[in-house]
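Here's the letter readout for the chains.
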Amino acid sequence: GCKGPSVFLDKTCIHQTDGAMQRLGIEKLSAFLANSEEMLSLYTDVYLLKLWTVYETASFLTLHPIEHMKVIPTHMPLNFFADIVICYVSFPLALAIELATGFRNSFVVASACLVCPALIVMMRRWAREKAALHHRLSTFTVRTCMCTCESDRPMVYRNIAELMRHTENATP
């Protein structure tokens, strides 16, 4: 059998052009999620506005503890890259300060002057995104979610109802 972790990417594992195959994949989505150990979500500001991502997230959290779900905001890799660039720029700046002034701790000063403002900007952005996320969650309804293909909506609603029935029957 297969060794090591396997990955299920909904966009690539559920057929996107053959309607019959797509329906079969969608009908088995909760089985994929039930057999998953973890879920990784690449979060954007529209994540909780789309019917499919809400359905997948709710299904996973119905079947697994929240600790098994990892959420990575899509801006985090950019922040990481920006941090690396800032550190890279800090070194020659610090070297120039040290050569010009003889001050030996110039790397710390240069890093602080570049890193602190960047961190403040990134943390403020993340705080705004968290506030928007909390607002979306507090006003959330499935009926207002966007659905690219409106003909999918009844099927998703049926799947949600089936999952809820299954979950109610499974609880003692």
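Structure: above.
Residues numbered from 1 in each chain as written. Predicted model: local features only at pLDDT ≥ 70, side-chain atom pairs only at ≥ 80, totals over all residues. Heavy atoms only, no water.

**Things to note about the overall build of the protein**
Helix and strand counts for the protein stand at 7 helices and 2 strands. Along the chain direction, N to C, the helices and strands of the protein fall in the order α-α-α-β-α-β-α-α-α. Taken over the C-alpha trace, the protein has a radius of gyration of 23 Å; the compact-globule value for 172 residues is 16 Å, which it surpasses by more than 25%. By principal-axis analysis of the C-alpha atoms, the protein measures approximately 75 × 45 × 40 Å. Here the protein, with 172 residues, has 24% of them falling under the buried criterion. (Helix = DSSP H or I, 4+ residues; strand = E, 2+ residues; numbered from the N terminus. Rg over C-alpha atoms; globule rule 2.2 N^0.38 Å. Buried < 20%, exposed > 50% of the residue type's maximum accessible area, 1.4 Å probe, protein only.)

**Concerning helix α2 (residues 19–27)**
Every buried residue belonging to α2 is among Q22, G25 and I26, and all of these are buried. All buried residues of α2 project into a common sector of 100° when viewed along the axis, lining one side. Residues of α2 that are exposed and point more than 90 degrees away from the buried face comprise A20 and L24. Capping the start of α2 is the job of one residue whose side-chain oxygen sits 3.0 Å from the backbone nitrogen of A20: D18. (Arc of directions from axis to C-beta. Polar contact = N/O pair within 3.5 Å; in protein donor to acceptor, adjacent residues only side chain to side chain.)

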